[in-house]
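# Reading the structure
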Amino acid sequence: MAELKEADASQQHQEDGGIKRDEDTGEENSAGAAAAAERSDAAADGDSKPSTTTSDRHISIQTKLEGLEMLVDLNGAGRKSCPLCPEEKFKACYSHKLRRHLQNLHWKVYVEFKGSRMCICHLACRNPKPSLSGDQVSGRHMAHFHCVVCSVTIARKTDMISHLKRHFNKGETEASYPGGSDAQTDEPAPSGQAYEILKELGTNVQLLPNHSTPMKSDTYFNRKMKTNRQLVFCSLAVLAEERNPLECLDAFGATGIMGLQWAKHLRSSVRVTITDISDTCVKMIRENCQLNNIRADGGSRGPRGPDRAGCEPETAPVATVEVAKMDANVIMHLRPFDYIHLDPFGTAVNYLDAAFRNVRNLGIISVTSTDTGSLYAKSPNVTLRHYGCHIVRTEYYKELAARMVVATVARAAARCNKGIEVLLAVAVEHFVLVVVRVLRGPTQADESAKKLRKLVHCQWCEERVFLKLGNMVDDTVPCNCHGSLPGKTAVQLGPLWAGPLFNTGFLRRMLSAAAQHSMDDIQPLVKTLICESECTTLKSLVHGSSALSNQVECGVVIKTLQGGEDGGPADQAGKRKSVEECGNVVKKLKPDASLDHPAFYYSLHRHSIRRMNMPKLNKFLQYLTEAGFRVSRTHFDPTGVRTDATLQQFKSVLTKYSVPTGTSAGAGQSAASSEKAV
């Protein structure tokens, strides 16, 4: 049917170009329809892309103004008609008036695509729609544009732009008329044009033209997720120091850049498997493997396009990657892995059960969630459906989202009789990244389940507190808003993860891995996370001596730069301890739970005092430290302060060191120092 319409449209174009209608028009149309039907039957087994027609492009499609003016002899004498308007629309006129008409109407009202202008056309190319009285509509309703790709006629300019976008997303960027397309290759690219080569962390990947549109492209690539990819890489590098080789899975490959970075930089320490459900993605991953001189199991093809300089088939491959076309849930049920990374488009809750089913003991699972609408309380019904949590918009909404994702991960692990230890929880830009270590056994699962609690949040002053364990309901918060204001001011949120969100030793080794692989972009972020995990503002702790000493985490003896040579053969191999030793380590770590960082943070701007000048953030952190509170900055909010002080104590210190508007800050600081001296 599509080809019948194209044949009819092309026939009408020929008629508008100068072929007059006569009595034999019906026979010509029937003959053209019969020919088009034969062509459609012959191409029934072909692709669904627009076929090549026998007609040239329409006269309204031009690349330069001179081409539009050449449609009529403007140098000759006498009156001349417009080639794109009927006689009743624009009467014949002299050359100077016709030139202004072509320039001001047809050349300025256009839709541009790939250097070609589809100028507005007023000819009778479309079958006019009959009115209610049966008469055909004429005049402005006949104005339309001719598509440069499929030669279809569309009246509205916005509809034509949307029509061209659909062509672009399908990879149909070349015209269907003869001479409009380039020579065909043995294996045509899905996009119909050359690939873009991008280099990140020493790894080259090919990108489709529509790689930035997730719902339109299978091989989606987001440049803003570079921070996420580097954090995931550092966490894998830390695990590779403990034991190797590691079985690693990039469950949603897309372009395969993350798995290729693992294989190219960690070499024999990892055995990378990249999977995707799309055939286009699998082909793209294999081509990117050869582009980086990495062997892909199952055979690979060379990169399409002119850029083949990065591919060196003569040299030996630097690493080997297994590329498979398989659903993520299926491969995680079939094979065990030491490291699993889940980064679907949106939420990852549909893949958590399969991830914890076969992950090895003391392995690591990293989860990236990009459904910010449900994570940041913009769609509470979706949040309840996906995560089983009730949340509202708060000043600490980013940490609330991170704790909600960790709680969902902990529940999925508990269903498989496994516990978790949170190594890292980050919420920056438009994603939430959670990295957890898996601990096998029902005892560990029970310990993780005990850290899932309800949160009582005051909607007036935004004070918050976790409910204690037990069956007794205690929904009171440290503030007195419920007594001074009518009605109930507190709501219960969650259940959320009430444990720590960071592991200091793991973050220190991530910082070392980032420095080793020249990842300068994330080093400030990791340093902030280290200070936040210890709830301190002392930057010297980041590079202290403890960063180079042996550490014990979850029963694993961690080798570092200083103590790596002193360990025995078992320690050098990075083997795990026995179950009894693992239990002893967990018992030893229990008394240190009070040293965990405080939950949540306060926004300095949210609790500012009207007509008062607040102190600088660093100065205010110093004042809180002098008052005896633990304090640090947080990566969740640039104006946030993480402290173990209550909101009332926080406001009292803020009020003490704030000065009225119009007075100098030095006067307020001198007054505060004089009070301390007294």
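Residues numbered from 1 in each chain as written. Predicted model: local features only at pLDDT ≥ 70, side-chain atom pairs only at ≥ 80, totals over all residues. Heavy atoms only, no water.

## Digging into the overall build of the protein chain
The number of helices and strands found in the protein chain is 22 helices and 25 strands. Looking at the protein chain residue by residue over its 678 residues, the buried ones come to 48%. For the protein chain, long-range pairs separated by at least 24 residues make up 64% of all intrachain contacts whose partners lie at least 6 apart in sequence. When the accessible surface of the protein chain is summed, it comes to about 33500 Å², and 51% of that surface belongs to carbon and sulfur atoms. (Helix = DSSP H or I, 4+ residues; strand = E, 2+ residues; numbered from the N terminus. Buried < 20%, exposed > 50% of the residue type's maximum accessible area, 1.4 Å probe, protein only. Contact = heavy atoms within 4.5 Å. Areas by Shrake-Rupley, 256 points an atom, 1.4 Å probe, with all protein chains shown as cover.)

## Considerations on the packing of aromatic side chains
Per the counting criterion, the structure on display carries 9 aromatic pairs. Pairing Tyr396 with Phe600 gives two aromatic rings, centres 4.6 Å apart and planes at 55°, and the pair type is tilted. In this pair, Tyr396 sits in the loop between helix H12 (380-387) and helix H13 (397-415) while Phe600 sits in the loop between helix H19 (579-589) and strand E21 (602-603), placing the two residues 204 residues apart along the sequence. A relative accessible area of 0% places Tyr396 in the buried class. Since its relative accessible area comes to 2%, Phe600 is described here as buried. (Phe/Tyr/Trp six-rings, centres within 6.5 Å; stacked < 30°, edge-to-face > 60°.)

## Description of the sheet that holds strand E3 (residues 116-119)
Ordered by their spatial adjacency, 3 strands build an open sheet running E1-E3-E2, and the pairing between neighbours is antiparallel. With partners counted over all chains shown, the strands left at the sheet margins are strand E1 (61-62) and strand E2 (110-113), one partner each. Sheet analysis places E2 next to E3, joined by 4 bridges and oriented antiparallel. Residue pairing in the sheet places Glu112 in a bridge with Arg117 of E3. Lying on the sheet, helix H5 (residues 157-169) is in contact with E2 and E3; it crosses E2 at an angle near 10°. (Pairing = 2+ DSSP bridges. Axes fitted to C-alpha atoms, helices over the stretch in contact; angles between N-to-C directions.)

## Re the environment of Val438
By the element assignment, Val438 lies in strand E15 (residues 431-440). For the pair formed by Val438 and Asp338, sequence separation is 100 residues and the distance between their alpha carbons is 9.6 Å. Residues contacting Val438, with those up to four places away along its chain left out, are Phe356, Val359, Arg360, Asn361, Leu362, Gly363, Ile365, Lys418 and Gly419.

## Re the environment of Cys121
Summarising the element assignment, Cys121 is placed in the loop between E3 and strand E4 (145-146). Relative accessible area serves as the criterion here: at 0%, Cys121 is assigned to the buried category. Through-space distance from the C-alpha of Cys121 to that of Ile61 is 9.6 Å; in sequence the pair is 60 residues apart. Among residues more than four places away in sequence, those in contact with Cys121 are His58, Ser60, Leu84, Met142, Ala143, His144 and His146.

## So, the pairing of E2
Of the two faces of E2, only the one carrying Val111 and Phe113 is buried; Tyr110 and Glu112 on the other face are not. In textbook terms, the turn of a hairpin is the stretch between consecutive antiparallel strands, and for E2 and E3 this stretch comprises 2 residues, one of which, Lys114, has a positive phi near 55°.

## Regarding the confidence of the model for the protein chain
Where the model shows low pLDDT, its predicted coordinates should not be examined in detail. Averaged over every residue, the pLDDT of the protein chain is 78; the share at 70 or more is 70%. When mean pLDDT is compared element by element in the protein chain, strand E12 (residues 337-342) scores highest at 98, while helix H18 (residues 569-572) scores lowest at 38. Considering only residues more than four positions removed or in separate chains, one finds that residues 9-55, a stretch of pLDDT under 50, has 46 contacts. (pLDDT = per-residue confidence, 0-100.)

## Some details on the side chain of His607
The topology assignment puts His607 in the loop between E21 and strand E22 (612-613). Overall, His607 belongs to the buried group, its relative accessible area being 3%. Looking at His607, its side chain comes within polar contact range of the side chain of Glu395, at 2.9 Å. Sequence-distant contacts of His607, defined by excluding residues within four places in its chain, comprise Glu395, Cys461, Tyr602, Leu647, Phe650, Lys651 and Leu654. (Polar contact = N/O pair within 3.5 Å; in protein donor to acceptor, adjacent residues only side chain to side chain.)

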